[in-house]
Amino acid sequence: MNASDTPVHRRSALRAGAGAALAGVLTTGCADHDAAGPPAAAVTDTVSPKNPADATTRPPSPAPGPHRFPGQPVQIDHGPRDRARVALTFHGQGDPAIARTVLAEAERAHARVTVLAVGSWLDEHPTMARRILDGGHELGNHTQRHVDISTMGEAEAYAEIDGCARRLRRLTGSIGTWFRPSRTRYATPLVQRLAARAGYPHVLSYDVDSLDFTSPGAAAVTRKVAGEIRNGSVVSLHFGYADTVAALPLLLTEIDRRRLRAVTTTELLT
């Protein structure tokens, strides 16, 4: 689905409402919002007893792998500034119920996001890999244990990248589209080289940091992102934080009000 599926008058009303709501956040610093309600129930496929052919399920196609973008640096922190697109990127870790709520909220707004998953999180919650991909989102590598990769020696750092890549391949048939280093905004030259060895031609950074992991309140998250986002921005957000869930609906509506599109990072750069 795309934005044109929504009636014009309803979209206009949403944009007007978002502008008023955001103005209140920006000018008054309103109190923190409570976390969103319980996540929507998972949708499960059912087999029709009237059609035996339905009982044969095909394995899912392999997930997309990394792309090389000619003309782009090894380390990418934003996309083209002349196109009205932004990429919301999520560090994939934390309570899977919150993660599902975030994904569902993005899907209601017809937004596609990029999730950089921690390998140990996928070990604990392997169904999340397919949930992310089935929602039309993008899945990448955020190291195996989410420790400070910048302080590691070559062998240990490579094991962090390769370990998560192996989990992704086992669960999805691909090492994922992107690698983002853990505990740092920018990858060191060593980590960039090791990522390339593991199969990632680019390292994904960001130009807008929501700071949602500091739990500053939904109003602060909204102010931070809304005040900095622009054409081509790559925004850093996190699963697992109630402030993110509470801020996301307003952020998505504000993105729409500015006539920006929230797309995957690969779409941002394509």
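Residues numbered from 1 in each chain as written. Predicted model: local features only at pLDDT ≥ 70, side-chain atom pairs only at ≥ 80, totals over all residues. Heavy atoms only, no water.

### Let's talk about the pattern of salt bridges
Oppositely charged side chains may form a pair once their charged atoms are brought near each other. Under the defined criterion, the tally for this structure stands at 14 salt bridges. Here Glu-228 makes a salt bridge to Lys-224, at a shortest N to O gap of 2.9 Å. Here Glu-228 and its partner Lys-224 are both found in helix α7 (residues 218-228), four residues apart, which amounts to about one turn of the helix. Relative accessible area serves as the criterion here: at 34%, Glu-228 is assigned to the partly exposed category. (Salt bridge = Lys/Arg side-chain N within 4 Å of Asp/Glu carboxyl O. Helix = DSSP H or I, 4+ residues; strand = E, 2+ residues; numbered from the N terminus. Buried < 20%, exposed > 50% of the residue type's maximum accessible area, 1.4 Å probe, protein only.)

### Brief notes about the packing of helix α5 (residues 154-172) against helix α6 (residues 189-198)
Axes are the key here: two packed helices are described by the angle between their axes and the distance separating the axes. At a minimum axis separation of 10 Å, α5 and α6 run at an interaxial angle of 50°. Regarding the angle of α5 to α6, the classification is oblique. The hand of the α5/α6 crossing is right-handed. Note on element contacts: α6 touches α5 through Leu-190, Val-191, Arg-193, Leu-194, Ala-195, Arg-197 and Ala-198, opposite Glu-154, Ala-157, Tyr-158 and Ile-161. For the contact of α5 with α6, the class distribution of residues is eight nonpolar, no polar and three charged. (Axes fitted to C-alpha atoms, helices over the stretch in contact; angles between N-to-C directions. Parallel < 35°, antiparallel > 145°, perpendicular 65-115°, else oblique. Left-handed = near helix turned anticlockwise from the far one by under 90°. Contact = heavy atoms within 4.5 Å. Nonpolar A, V, L, I, M, F, W, Y, C, P; charged D, E, K, R; others polar.)

### Some thoughts on the nonpolar core
Counting residues in each nonpolar core, the largest one holds 53 residues, and the members touching the most others are Leu-88, Phe-90, Trp-121, Ile-161 and Tyr-200. The element best represented in this core is helix α8 (residues 242-257), accounting for seven residues. When sequence neighbours within four positions are dropped, the list of residues in contact with Trp-121 reads Gly-92, Gln-93, Gly-94, Ala-99, Met-128, Ile-132 and Phe-239. Judged by nonpolar contacts, the second largest core, of 11 residues, contains Leu-116, Leu-204, Leu-268 and Leu-269. (Core = buried A, V, L, I, M, F, W, Y, C linked by side-chain atoms within 4.5 Å.)

### Some thoughts on the environment of Gly-153
As for its position among the elements, Gly-153 is in the loop between β4 (138-141) and α5. Taking the C-alpha atoms as reference points, Gly-153 and Leu-190, separated by 37 residues in sequence, lie 9.0 Å from one another.

### Considerations on α8
Side chains three or four residues apart in an α-helix point the same way, a direct result of the helix having 3.6 residues per turn. Here α8 contains 16 residues, and its C-alpha end-to-end distance of 24 Å stays within 8% of the 22 Å for a straight helix at 1.5 Å per residue. At Leu-248, α8 is deflected by roughly 40°, the largest bend along its length, and proline Pro-249 occurs up to four residues later in sequence. When we look at burial in α8, the residues that qualify are Asp-243, Thr-244, Val-245, Ala-246, Ala-247, Leu-248, Leu-250, Leu-251, Leu-252, Glu-254, Ile-255 and Asp-256. Two residues or fewer past α8, Arg-259 is found with a positive phi of approximately 60°. (Expected span 1.5 Å × (residues − 1). Bend = angle between axes of the 7 residues up to and from the residue.)

### Overview of helix α2 (residues 96-108)
Taking 1.5 Å of rise per residue, 13 residues should cover 18 Å, and α2 covers 18 Å from first to last C-alpha, within 8% of that figure. Structurally, α2 contributes buried residues whose contacts are with β2 (85-92), β3 (114-117), α3 (119-124), α4 (127-134) and α8. Backbone nitrogen of Ala-97 and a side-chain oxygen of the N-cap are separated by 2.9 Å at the start of α2; the cap is Asp-95. In the segment just after α2, His-110 is the residue with positive phi, at about 60°. (Polar contact = N/O pair within 3.5 Å; in protein donor to acceptor, adjacent residues only side chain to side chain.)

### Examining the environment of His-202
Examined against the element boundaries, His-202 turns out to sit in the loop between α6 and β5 (203-204). On the basis of relative accessible area, His-202 is assigned to the buried category, the value being 4%. Counting along the chain gives 133 residues from His-202 to Phe-69, while the straight-line C-alpha distance between them is 8.2 Å. With residues near it in sequence (within four places) discarded, His-202 still touches His-67, Arg-68, Phe-69, Gln-72, Pro-73, Val-74, Ile-76, Trp-178 and Phe-179.

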